[in-house]
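A closer look at the structure
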Amino acid sequence: MSDSLVLLNKCEVERLLSYDELIPRLESAMGKFSKRDSSEIIQPVRSVVPIQPYNGFLGVMPSYMAADGILCTKMVTFYQRAEGSSLPSTQATVLLFHPERGHITAIMDGEAITAKRTAAVSAISAKLLMPALSEVLCILGSGQQAKSHYDVFTNVFKFKEVRIWSRRREMAQQFVNDLQGPVRVCSSVKEAVMGADLIVTATGASQPILFGEWVKPGAHIAAVGACRPDWRELDDVLMREAVVYVDSREGATAESGDIILSGAHIFAELGEVINGSFPAQREKTTVFKSLGMGIQDAVSAKLVLEKLKSEH
Ligand SMILES: NC(=O)C1=CN([C@@H]2O[C@H](COP(=O)(O)OP(=O)(O)OC[C@H]3O[C@@H](n4cnc5c(N)ncnc54)[C@H](O)[C@@H]3O)[C@@H](O)[C@H]2O)C=CC1
Ligand SMILES: O=C([O-])C1=[NH+]CCC1
């Protein structure tokens, strides 16, 4: 394959990106990030521009991983859509650059990357933090992230029961109809989460939908939505009682309403657990507050490109 510009659409990125290959690369990148060695990784907190009339945001997520030879940026728009809107709420494009020469080498769809890398990182958090015997998975939300989380969790782990709740029951039912495996549609968040060992919150909510009083002690929560400083998915009780892990301390303290507004203490980054500098307290109730990181997009895009090149 020549050095010409590579353009990849969503189907191609989806086909080339497998969880088996993605998960170890994300683990390694997050471990490196948590060492804060700027000669190895530079990743500022995402710049976000509000698009106020449309309840939306444009995020720019650059990163440079010197040792891996990756210079990358993702541009992502995310919106709070009205119930019933047919427009997607998260859309993205990823650009890879030649680190030495500075030109763009690849432009690829970022929606598939965002869906898969976010779910893969939640799978890493679950592997480290969910109870040793985890039988019940619960997913709140029925959109893109809910689907990628269902895919990776049912692939990587074995659950006896999977439950889903969505604010419109017919959307949850539609979600289940599109799948192979058995999933129980629940009528309320409380019904869905009671007794669950692993709970994924992947909604566009800006007020808490998950309350600590409903959560089984020792459960693990992968909290994926609420990516603005004034948005919430989890209530104060849960945030203050759980041991809280994040992807990046800087990102979480700048962008997470669940952390900022509850005053919750951040115990560790996932990368610090991967590096062994902080313990995985899996016997306690744990929250992994995910905001998304540029380096996660960067290693995903590099993997996509490598896979493509290996086919030629
Ligand atoms: N942590 C991360 O790295 C990432 C986080 N996100 C965030 O994850 C969330 C889900 O994203 P997508 O799956 O792409 O969106 P989506 O639009 O495909 O799905 C959103 C789901 O949330 C539900 N929802 C929306 N408003 C709600 C409310 N007020 N209460 C309860 N449910 C509500 C919708 O019915 C739908 O089921 C968003 O908040 C998004 O910004 C998205 C990408 C990466
Ligand atoms: O990391 C990411 O791409 C996003 N986080 C919140 C919305 C999009």
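Residues numbered from 1 in each chain as written. Chains lettered and ligands numbered in written order. Predicted model: local features only at pLDDT ≥ 70, side-chain atom pairs only at ≥ 80, totals over all residues. Heavy atoms only, no water.

Structural notes on the site of ligand 1
Around ligand 1, the surrounding shell holds 24 residues, and the nearest of these are Ser89, Thr90, Ser142, Gln145 and Ser290. Here an oxygen atom of ligand 1 and a backbone polar atom of Gln145 are 2.8 Å apart. In this structure, Leu291 approaches ligand 1 through a main-chain N or O atom, which is 3.5 Å from an oxygen atom. Elements that contribute at least two residues to the shell around ligand 1 include exactly helix 3 (111–129) and helix 4 (144–156). Here the shell around ligand 1 takes 3 residues from helix 3, the largest share from any one element. Of the residues assigned to the shell around ligand 1, the class counts are 7 nonpolar, 15 polar and 2 charged. (Near = heavy atom within 4 Å. Polar contact = N/O pair within 3.5 Å; in protein donor to acceptor, adjacent residues only side chain to side chain. Helix = DSSP H or I, 4+ residues; strand = E, 2+ residues; numbered from the N terminus. Nonpolar A, V, L, I, M, F, W, Y, C, P; charged D, E, K, R; others polar.)

Points about the environment of Pro88
Considering the arrangement of structural elements, one finds Pro88 in the loop between strand 5 (70–79) and strand 6 (90–97). Note: C-alpha distance between Pro88 and Val224 (136 residues apart in sequence) is 17 Å.

Comments concerning the packing of aromatic side chains
Following the criterion strictly, the structure yields 8 aromatic pairs and no others. With centroids separated by 5.7 Å and ring planes inclined at 80°, the aromatic side chains of Phe57 and Trp231 adopt a geometry described as edge-to-face. Residue Phe57 is located in strand 4 (residues 56–65), and its partner Trp231 is located in the loop between strand 12 (220–223) and helix 7 (236–241); the two are separated by 174 residues in the primary sequence. Residue classification places Phe57 among the buried residues on the basis of a relative accessible area of 12%. Residue classification places Trp231 among the buried positions, given a relative accessible area of 10%. (Phe/Tyr/Trp six-rings, centres within 6.5 Å; stacked < 30°, edge-to-face > 60°. Buried < 20%, exposed > 50% of the residue type's maximum accessible area, 1.4 Å probe, protein only.)

Notes on the pattern of salt bridges
Scanning all chains against the criterion turns up 24 salt bridges. The shortest N-O distance in the salt bridge between Lys74 and Asp297 comes to 3.1 Å. Taken together, the residues Lys74 in strand 5 and Asp297 in helix 11 (residues 294–310) connect sequence positions 223 residues apart. Residue Glu161 is joined to Arg163 by a salt bridge in which the shortest nitrogen-to-oxygen separation is 3.0 Å. A relative accessible area of 7% means that Arg163 is categorised as buried. Each of Glu161, Arg163, Arg184 and Glu191 takes part in salt bridges that share partners, so that together they form one network. (Salt bridge = Lys/Arg side-chain N within 4 Å of Asp/Glu carboxyl O.)

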